[in-house]
Amino acid sequence: MDKMVIEGGFPLIGEVSISGSKNASLPIIVSSIMFDGCDSEIHNVPDLEDIKTIKKLLTSLGAEIKESDKPDKLIINTSGINNYEAPYDLVKTMRASVLVLGPLLAKYKRARVSLPGGCAIGARPIDFHLNAFKLLGVTVEVEHGYVEVYADKLKGAEISFPIPSVTGTENVIMAATLAEGTTVIKNAAREPEIDDMILALNNGGADIKRTEPSVIIVNGVKKLNKLNHKVLPDRIEAGTFMVASAVTKGDIVLKDINVSHLRTVIDKLSESGAKIIINSSSSLRIKGAKTIKSVDISTAPYPDFPTDMQAQMMALMTISSGLCVITENVFENRFMHVAELIRLGASIKVRNNFAIVKGVRKLSGAEVMATDLRASASLVLAGLASSDGLTTVSRIYHLDRGYEKMEKKLSNLGAIISRVKASEPSAIPDEQVFKDLNYGKGA
Ligand code: EPZ
């Protein structure tokens, strides 16, 4: 397993281009299942482990991933799909695999997908998805760790989510796209990745409208034509690099972003003292403050502060000048990075779903272990800020799931960071490690 070795204490300076969004690419890629008449083309797709996984899954269903003339352009032909099952060994590595349920139901009226199981940040059930499918006329059977769904036909219905669910909203939109009649989705999630998927589907012949912030109406159509879409920028990668500038007292220009999707992150970083200059709708400059102010963070569904930026902001707050409270309101176990940040010298106390962070003068390098995607980003950021000694982050396969060429982008900004192959396999098996780390506490 690869490790990242970081010599921190240097300000990051320069320009970085942000890649396409992982969380928009995944639903848009699986939506190609509904377009079987010709090749689907998806542009600005990031080169990530999760993208490799979803391509593997589509291939296992019988789709063909074609050669492309550009690394970020994906060409898929799904005419050959003849299998409707997503196996456990694929789904367990990436929960978002459950997104195949919607398009397989829409196109083939059936699917069999392994239940995703929990992950480090929580139980992550999919009951909202399945209850919504039932309202569309789908029979849902759960046994032996698999969910089996089938229907003679899907009929539009009124669906109201108990709380907003990103992939739940995406799955239901896809299932309803080819259904008979109209589906009204209430308390729909508002993340921009959903609207990017809606844009892609509408340009391909679907009829989907967000009529109010949390209401989406899908008028079923008979057939779609061609999927050809450029994925929007990754707002969480952008936010992560903004924190990289703030935590190293650097000066970074971000390019190829969508500033309007970063409002709460811009506000919070400005409140903490960073100087942010908006160059255009797709570029900003962020300069780190000499003294970082402590700011309280409370995560919530979009458009509020994103849970996917909580760990990164905590890294910044560990070297702030006072005390702050970070409240995690979306997932029940998303503080796995706390124990590791404490190893770097941070002063953090966790009580239920909030963490009290007392800023320390400096962090010092240590060996730490990544536990999930955004926790690994948080540890890299803390390592960049540690001015005393090397930081080694192990299990960075978590990082590779959601960040494209991170060490290359950071090195280009002046970071002293390298990826090394771990000399020997970790002495402790994964299961034991997770047990020690209270894995699945929320499961
Ligand atoms: C999406 O996960 C993202 N993943 C996550 O990003 C992100 O953290 C999350 O939305 C919240 O913004 C993708 O888009 C691929 P939810 P998702 O359904 O859809 C509960 C990353 O770092 N819930 O919006 O799985 C759930 O437990 C990843 O890129 C149910 O109870 O999240 C959570 O508490 C991590 N039943 C809350 O709702 C359900 O059926 C919101 O979850 C579904 C969800």
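Our subject is the structure that appears above.
None of the values given here were measured: they were computed from a predicted structure.

Q: Is there a simple way to explain helix α9 (residues 263-271) in this structure?
A: Because an α-helix packs 3.6 residues into every turn, residues spaced three or four apart end up facing the same way. Turning to α9, its buried residues are Val-265, Ile-266, Lys-268 and Leu-269. Packed against the buried residues of α9 are α8 (235-247), β16 (275-280), β17 (283-287), β18 (297-298) and α10 (310-317). Looking one or two places after α9, you find Gly-273, whose phi comes out positive at around 110°.

Q: Hey, could you run me through the sheet that holds strand β19 (residues 323-327) in this one?
A: The strands that make up a sheet pair up through hydrogen bonds in the backbone, lying either parallel or antiparallel. Read from one edge of the open sheet, four strands run β18-β19-β21-β20, paired in mixed fashion. Since the sheet does not close on itself, it has two edges, and those belong to β18 and β20 (347-351), each with one partner. Strand contacts of α10: β18, β19, β20 and β21 (354-358), with the helix running at about 170° to β19, the strand carrying the most contacts.

Q: Could you clarify how one ought to interpret the pattern of salt bridges in this entry?
A: For side chains bearing opposite charge, pairing can occur when the charged atoms are close. Considering all chains together, one arrives at 27 salt bridges under this definition. Between Glu-49 and Lys-52 there is a salt bridge, and its shortest N-O distance comes to 2.9 Å. Taken together, the residues Glu-49 and Lys-52, both in helix α2 (residues 49-61) and three residues apart, mark about one turn of the helix. Given a relative accessible area of 34%, Glu-49 falls into the partly exposed group. Measuring nitrogen to oxygen at the nearest pair gives 3.2 Å for the salt bridge that ties Asp-69 to Lys-73. What emerges from the salt-bridge pattern is a single network uniting Asp-2, Asp-400, Glu-407, Arg-419 and Lys-421.

Q: I would appreciate a short explanation of the packing of helix α4 (residues 101-108) against helix α6 (residues 166-177) in the present structure.
A: Contact pair α4 / α6: the axes reach a minimum separation of 7 Å and the direction vectors enclose 10°. Put simply, α4 runs roughly parallel to α6. Facing Leu-101, Gly-102, Pro-103 and Ala-106 of α4, the residues of α6 in contact are Asn-171, Met-174 and Ala-175.

Q: Sorry, what's going on with the nonpolar core here?
A: As a rule of thumb, soluble globular proteins bury nonpolar side chains together. With 74 residues, the main nonpolar core has Ile-29, Ile-42, Leu-101, Phe-133, Ile-173, Leu-201 and Ile-216 as its most contacted residues. With residues up to four places along the chain from it excluded, the contact list for Ile-173 reads Ile-185, Ile-194, Met-197, Ile-198, Leu-201, Ile-208, Ile-216 and Val-218. Core analysis: the next-biggest nonpolar cluster, separate from the first, contains 68 residues, Met-4, Phe-335, Leu-341 and Ile-417 among them.

Q: What's the story with the environment of Ile-266 in this structure? I'm lost.
A: Looking at the element boundaries, Ile-266 is found in helix α9. Ile-266 gets classed as buried once you look at its relative accessible area, which sits at 5%. Remark: the alpha-carbon pair of Ile-266 and Gly-145, spanning 121 residues in sequence, is separated by 42 Å. Those residues within four positions of Ile-266 in sequence are excluded, and the remaining contacts are Met-242, Val-259, Ile-276, Ile-278 and Leu-284.

Q: Would you explain the environment of Ile-396 in this entry?
A: Inspection of the secondary structure assignment puts Ile-396 in the loop between β23 (390-394) and α13 (397-402). The spacing of Ile-396 and Ala-370 is 26 residues in sequence and 6.2 Å in space, taken between C-alpha atoms. Beyond its immediate stretch of four places on either side in the chain, Ile-396 contacts Asp-2, Lys-3, Met-4 and Arg-419.

Q: So what exactly am I meant to see when it comes to the packing of α6 against helix α7 (residues 192-203) here?
A: In a pair of packed helices, the angle between the axes and the distance between the axes together describe the arrangement. α7 packs onto α6 with a crossing angle of 15° between their chain directions and a minimal axis gap of 10 Å. Compared by their axis directions, α6 and α7 come out roughly parallel. Here α6 runs over α7; the crossing is right-handed. Contact with α6, carried on its side by Val-166, Thr-169, Glu-170, Ile-173, Met-174 and Thr-177, involves Glu-193, Ile-194, Met-197, Ile-198 and Leu-201 of α7 and no other residues of that element. Counted by class, the contact of α6 with α7 contains seven nonpolar, two polar and two charged residues.

Q: Just checking my understanding: could you explain the environment of Ile-216 for this structure?
A: As for its position among the elements, Ile-216 is in strand β13 (residues 215-219). When its relative accessible area of 0% is taken as the criterion, Ile-216 is described as buried. Taking the C-alpha atoms as reference points, Ile-216 and Ala-189, 27 residues apart in sequence, are found 9.3 Å from one another.

Q: Please explain the sheet that holds β17 as it appears in this structure.
A: Ordered in space as β2-β15-β17-β16, the four strands form an open sheet in which the pairing is mixed. Since the sheet does not close on itself, it has two edges, and those belong to β2 (13-17) and β16, each with one partner. In this sheet, adjacent strand axes meet at a mean angle of 15° when their direction is disregarded. Where β2 and strand β15 (residues 251-255) come together, five bridges link them in parallel fashion. Bridge pairing links Gly-14 to Ile-252 in β15.

Q: How do you make sense of the side chain of His-261 when you look at a structure like this?
A: Along the chain, the position of His-261 falls in the loop between β15 and α9. Judged by its relative accessible area of 17%, His-261 falls in the buried class. Residues within four places of His-261 in sequence aside, it is in contact with Pro-192, Leu-232, Arg-235 and Tyr-302.

Rules behind the numbers
- Residues numbered from 1 in each chain as written.
- Predicted model: local features only at pLDDT ≥ 70, side-chain atom pairs only at ≥ 80, totals over all residues.
- Heavy atoms only, no water.
- Buried < 20%, exposed > 50% of the residue type's maximum accessible area, 1.4 Å probe, protein only.
- Helix = DSSP H or I, 4+ residues; strand = E, 2+ residues; numbered from the N terminus.
- Contact = heavy atoms within 4.5 Å.
- Pairing = 2+ DSSP bridges.
- Axes fitted to C-alpha atoms, helices over the stretch in contact; angles between N-to-C directions.
- Salt bridge = Lys/Arg side-chain N within 4 Å of Asp/Glu carboxyl O.
- Parallel < 35°, antiparallel > 145°, perpendicular 65-115°, else oblique.
- Core = buried A, V, L, I, M, F, W, Y, C linked by side-chain atoms within 4.5 Å.
- Left-handed = near helix turned anticlockwise from the far one by under 90°.
- Nonpolar A, V, L, I, M, F, W, Y, C, P; charged D, E, K, R; others polar.

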